[in-house]
Amino acid sequence: MRQRVITAVVALALFLPIVFFDFGGQAVNLMAAVFAGVGVYELFRMKQLTVVSIEGVLAIIGSVLIVLPKDPWFAFLSDTTSKYALVYFIVMLFLGLSVISKNTYTIEEAAYPILAMLYAGVGFESFALARSSSVVVLFFGLFIVWATDIGAYMIGRQYGKRKLWPEISPNKTIEGALGGIACALAIAIVYLLVFPANTYFGHNYFVMIGLTIVLSIIGQFGDLVESAIKRHFGVKDSGTILPGHGGILDRFDSMIFVFPMMYLLGIF
């Protein structure tokens, strides 16, 4: 527990100033790109693949391409060219490996690093896009995720009896899940009183309250997805970069589902 607390304090001391101030306007983008690259590494590690390989390097490059904005990072592209043309070029290279290897590297083998690239890349791109929209939007998403996690843990520990999804995560309960939603709603109600919904989020107050329920559920589902991946590969944590907490994906599993959903719902 002491190690977990120390790691959390140090991580937040580094993380919060970056996301709040976004030094030079690119600090969050760079941080998100690093996180995406580490996320790809963790997904390779769980499958016992080496990231020091052609597919490992391509997947990390692809995830970074997804996260970083076209301006200024890919200013060499024409005005009409999307950066996703470069991302698809990475996919073409993956598929081309089956030709170069004379079919010893198959399309099934290429599918995993491509999915890892998209999972980490799009998730952390949405995180960075939320910050580029406004710090108010970013912290709304963060507070919803944190409130859901804390509420689910506290309520589940105190009152949890009925298992939510024991085949995937045996410790999670229905009571805990509902407690997480309730805590997220409580935080959202206060947050939206301080930062009016119509001004900052493009939706009215009651729509945002409804969307908070959706986001809380999506965040918990993202957590379950990460649990399913770890259970499939028989590992406890996605990585070891955060002592006492596991890996980057262990800490951001909910966020990399919530922020893309916020974008899809037009919150930013």
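Described in the following lines is the structure provided in the data block. Numbering of residues starts from 1 in each chain and follows the order in which that chain's sequence is written. Whole-chain, interface and lining totals are the exception, using all residues; otherwise, since this is a predicted model, local features are given only for residues with pLDDT of at least 70 and side-chain atom pairs are given and counted only at 80 or more. For side-chain calculations, the full set of non-hydrogen atoms in the structure is used, while hydrogens and water are omitted.

### What to know about the nonpolar core
The test is simple: We define the nonpolar core as a collection of buried residues of types Ala, Val, Leu, Ile, Met, Phe, Trp, Tyr and Cys that are connected through side-chain atoms lying within 4.5 Å of one another. For each residue, the accessible area found with a 1.4 Å probe, counting protein chains only, is set against the maximum for its type, and the residue is called buried under 20%, exposed over 50%, and partly exposed in between. The criterion used for residue contact is that any of the two residues' heavy atoms lie within 4.5 Å.
Phe94, Phe124, Phe127, Phe140, Phe201, Phe259 and Met262 are the most contacted members of the largest nonpolar core, which has 69 residues in total. Filtering out sequence-adjacent residues up to four positions away, Phe140 remains in contact with Ala188, Tyr191, Leu192, Phe201, Met208, Thr212, Leu215 and Met262.

### A few points about the layout of surface pockets
Put simply, the test is: Only protein atoms enter the calculation, which uses a 1 Å grid: trapped sets of points that fit a 1.4 Å probe without letting it out are cavities, open sets showing protein on both sides within 12 Å along at least five of seven lines are pockets, and any residue with an atom within 4 Å of a point is a lining residue. Grid points are joined across faces, edges and corners, and a volume is the space filled by probe spheres set on the points. Helix and strand assignments come from DSSP, with helices taken as H or I runs of at least 4 residues and strands as E runs of at least 2, each series counted from the N terminus. Note on residue categories: nonpolar means Ala, Val, Leu, Ile, Met, Phe, Trp, Tyr, Cys or Pro, charged means Asp, Glu, Lys or Arg, and polar means any other residue, Gly included.
By volume, the second largest pocket is sized at about 170 Å³. Those elements giving two or more residues to the lining of the second largest pocket turn out to be helix 2 (27–46) and helix 6 (107–133). The element contributing the most residues to the lining of the second largest pocket is helix 6, with five residues. A per-class count over the lining of the second largest pocket returns five nonpolar, three polar and five charged.

### What to know about unusual backbone geometry
With glycine set apart, most residues show a phi of negative sign, and most peptide bonds adopt trans. Backbone torsion omega between Asp71 and Pro72 reads 15 degrees, so that peptide bond is classified as cis. Note that Pro72 resides in helix 4 (residues 70–73). For Asp22, which is not glycine, the phi torsion reads 45 degrees and is therefore positive. Considering the arrangement of structural elements, one finds Asp22 in the loop between helix 1 (2–21) and helix 2. Among the residues examined, Asp22 registers a relative accessible area of 12% and is labelled buried. The phi angle at Gln48 is positive, at roughly 60 degrees, despite the residue not being glycine.

### Thoughts on the side chain of Lys83
Within the secondary structure, Lys83 is located in the loop between helix 4 and helix 5 (84–100). Beyond its immediate chain neighbours, meaning those up to four positions away, Lys83 contacts Leu65, Ile66, Val67, Leu68, Pro69, Lys70, Phe74, Leu77 and Glu125.

### Topic: the packing of aromatic side chains
Basically, it comes down to this: Aromatic rings from Phe, Tyr and Trp, with only the six-membered ring used for Trp, were paired whenever their centres fell within 6.5 Å, and each pair was classed as stacked if the ring planes differed by under 30 degrees, edge-to-face if by over 60, and tilted otherwise.
Applying the stated criterion to the full structure yields 24 aromatic pairs. A centroid spacing of 6.4 Å and a plane angle of 65 degrees characterise the contact between Phe20 and Phe139, whose relative ring orientation is edge-to-face. With Phe20 in helix 1 and Phe139 in helix 7 (residues 135–159), this residue pair connects regions lying 119 residues apart in the sequence. Accessibility expressed as a relative area gives 46% for Phe20, which makes it partly exposed. On the basis of relative accessible area, Phe139 is assigned to the buried category, the value being 13%. Between the aromatic rings of Phe140 and Phe201, the centroid separation amounts to 5.0 Å while the plane-to-plane angle is 55 degrees, which identifies the pairing as tilted.

### Description of the side chain of Thr148
Locating Thr148 in the fold gives a position in helix 7. Judged by relative accessible area, Thr148 falls into the buried class, the value being 3%. The residues contacting Thr148, other than those within four sequence positions of it, are Gly180, Ala184, Ser216 and Gln220.

### Overview of the pattern of salt bridges
The criterion, for reference: Any carboxyl oxygen of Asp or Glu within 4 Å of a side-chain nitrogen of Lys or Arg constitutes a salt bridge here.
For the coordinates displayed, the defined rule picks out five salt bridges. When the shortest N-O distance is used, the salt bridge between Lys172 and Asp223 registers 3.4 Å. Note that Lys172 is positioned in strand 2 (residues 169–173) and Asp223 in helix 10 (residues 205–233), a separation of 51 residues in sequence. Residue class for Lys172 comes out partly exposed when judged on its relative accessible area of 26%. Linking Lys230 and Asp250 is a salt bridge whose minimum nitrogen-to-oxygen distance equals 2.8 Å. Here the residue Lys230 occupies a position in helix 10, and Asp250 occupies one in helix 11 (residues 248–252), the gap between them amounting to 20 residues. Considered together, Lys230 and Asp250 belong to a single accessibility category, that of buried residues.

### Some remarks on helix 8 (residues 174–194)
Let me state the cut-off plainly: The span one expects for a helix is its residue count, reduced by one, times 1.5 Å.
Compared with the 30 Å implied by 1.5 Å per residue over 21 residues, the 31 Å span of helix 8 between its first and last C-alpha is a close match. Where the residues of helix 8 are buried, they touch helix 7, strand 1 (163–165), strand 2, helix 9 (197–200) and helix 10.

Everything listed here is a matter of coordinates, which is why it stays silent on function.
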